[in-house]
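Next come the chains, spelled out residue by residue.
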Amino acid sequence: MDLAGARHDAKGTDVNDLEDQLTEMLHGRAEQFTSTDRLSEILESPIGTNTRSAPHDSADLALASGRETLNRHRLVGPLLGVAACLAIVVVGLAYIVGRDTDTGVSQTPLDTITLDPTVAGPGDWITVLGEGGKYRWEGYLDRVDGDEVERLWALYPTSSTALEPEPPVNLLEQPDLGLRTAFVAEPLNNFRLPGSLTPGTYRFCRGSVAAGAELCAPLVVQSP
Amino acid sequence: MGTVRIVPVDHPQGDSNDRDFAAFYRRELDGQVRRAALLLGSESVANDAVHDAFVALYRKWGDIAEPGPYLNRSVLNRCRDSGRRDARKRNAIHRTCGDSAPPDHDVLWDVLSKLPFNQRAAIVLRFYAGMTESEIAASLDCAQGSVGPWISRALATMRKELT
């Protein structure tokens, strides 16, 4: 059937005519295809082999030689898919963890916090007892003078083995300090007091500067 | 004294199974290859797909209650996979060898070849194999309600392409 004939027929005929044409065309086309008897190969071949025909011409030979390459390439897609899924899971977890730490909430919230020591000097380490975990949280230092509270320092926890702990930030110099969060893989509950801290009565608060305090504990800073 | 019969020790049922399988193979081969070739557009690829399905069936021969429907599904699945994987290869063979090239240009065939696999398969199974919608659904492993719309959409597309 040629193009013009088919179009002419389809224009002027109904559904049944198209179905009749299809039936006729499919049966005519099918008659052109012949099967290859490979029964003996099936019955005699060991389990695991197939009965695929050998490459029969130059084009097939070239394509057959590339079949293994194509097979390897076919693995790339699924592997990339698995890697992408894993990456999404990891990023999702990091996002959830990051969101929690943004609000200054660790995974193990405490009713109270206790400092050790409660009396320290400028530049000394203090430890928040019972705190820690893999999730970073911030703290800050308020100077307390009677009813007046002045927020002075943002502190960032670090491990006791860190060679260069993240320095505290003077909030008088950087009043617009935003949230700083990070995901780390070791317990963090040590803070280093600023070396320029003046003696007096302070309170150490657990929480971010921006989000406000969750829990505070008194701290007395003495002269070194 | 009676006669002595020699009975195979390893696979006493093997010959019988092979005979049954061979009969089934001879009965199904031509139809399956032609049906697959109509879907794939290539005689050699169709022969490969069908024989891969026969090999898989032979391994399970005796465990499958209805080998006919099983073979239908198996061949169609291989046609679907082959269509996805080897489109480039078939095109190359088609261009280079004329393996599947029809002797005369047929616009219906061209339009059919461009249909999505499920629609194409539904058309071939309906109008070539003469299957009912339930038989087509079983062969394509899909809901029976899907078959009618596939055929309708395919016919509508073909009609649109032809006008």
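See above for the structure.
From a predicted model like this one, the values you see are computed outputs, not experimental measurements.

### Quick look at the sheet that holds strand 1 (residues 114-116) of chain A
All names here are of chain A.
Thought 1: Within the open sheet, the three strands sit side by side as 1-3-7. Their pairing is antiparallel. Edge positions in the open sheet fall to strand 1 and strand 7 (190-192), since each of these has one partner strand only. Taking each pair of neighbouring strands and ignoring which way they run, the sheet shows an average axis angle of 30°.

### Description of the state of the cysteines
All names here are of chain A.
Thought 1: Considering all chains together, one arrives at one disulfide over all chains under this definition.
Thought 2: For Cys205, the disulfide goes to Cys216, at an S-S distance of 2.0 Å. The sign of the 105° torsion about the S-S bond sets the Cys205-Cys216 disulfide as right-handed. Linking Cys205 in strand 8 (residues 200-206) with Cys216 in strand 9 (residues 215-221), this pair joins segments that are 11 residues apart in sequence.

### So, the pattern of salt bridges
Thought 1: Going through the model one piece at a time under the given rule, you end up with four salt bridges over all chains.
Thought 2: Residue Arg38 of chain A pairs with Asp48 of chain B through a salt bridge whose shortest N-O separation is 3.1 Å. A residue pair is termed interchain when its members come from two chains, as with Arg38 of chain A in the loop between helix 2 (15-31) and helix 3 (39-44) and Asp48 of chain B in helix 2 (residues 43-59).
Thought 3: Judged by its relative accessible area of 7%, Asp48 of chain B falls in the buried class.
Thought 4: In this structure, Arg203 of chain A engages Asp142 of chain A in a salt bridge whose closest nitrogen and oxygen atoms are separated by 3.0 Å. Of this pair, Arg203 of chain A sits in strand 8 while Asp142 of chain A sits in strand 4 (residues 139-145), and the two are 61 residues apart along the sequence.

### Thoughts on the side chain of Glu28 of chain B
Residues and elements named next belong to chain B.
Thought 1: Position of Glu28 relative to the elements: it lies in helix 1 (residues 14-40).
Thought 2: No salt bridge is formed by the buried Glu28. Its closest oppositely charged neighbour is Arg27, at 4.8 Å.
Thought 3: Ignoring sequence-local partners within four residues, the contact set of Glu28 consists of Phe54 and Leu71.

### Here we look at the nonpolar core
Thought 1: Within the largest apolar cluster, 59 residues are counted, with the highest numbers of intra-cluster contacts made by Leu26 of chain A together with Phe21, Phe54, Leu112 and Ile123 of chain B.
Thought 2: Counting residues per element, this core draws most heavily on helix 1 of chain B, which supplies 11 residues.
Thought 3: In this structure, Phe204, Leu215, Leu219 and Val221 of chain A belong to the second largest nonpolar core, which totals 18 residues.

Procedures and definitions
- Residues numbered from 1 in each chain as written.
- Chains lettered and ligands numbered in written order.
- Predicted model: local features only at pLDDT ≥ 70, side-chain atom pairs only at ≥ 80, totals over all residues.
- Heavy atoms only, no water.
- Pairing = 2+ DSSP bridges.
- Helix = DSSP H or I, 4+ residues; strand = E, 2+ residues; numbered from the N terminus.
- Axes fitted to C-alpha atoms, helices over the stretch in contact; angles between N-to-C directions.
- Disulfide = S-S within 2.5 Å.
- Salt bridge = Lys/Arg side-chain N within 4 Å of Asp/Glu carboxyl O.
- Buried < 20%, exposed > 50% of the residue type's maximum accessible area, 1.4 Å probe, protein only.
- Lys, Arg positive; Asp, Glu negative; His and termini not counted.
- Contact = heavy atoms within 4.5 Å.
- Core = buried A, V, L, I, M, F, W, Y, C linked by side-chain atoms within 4.5 Å.

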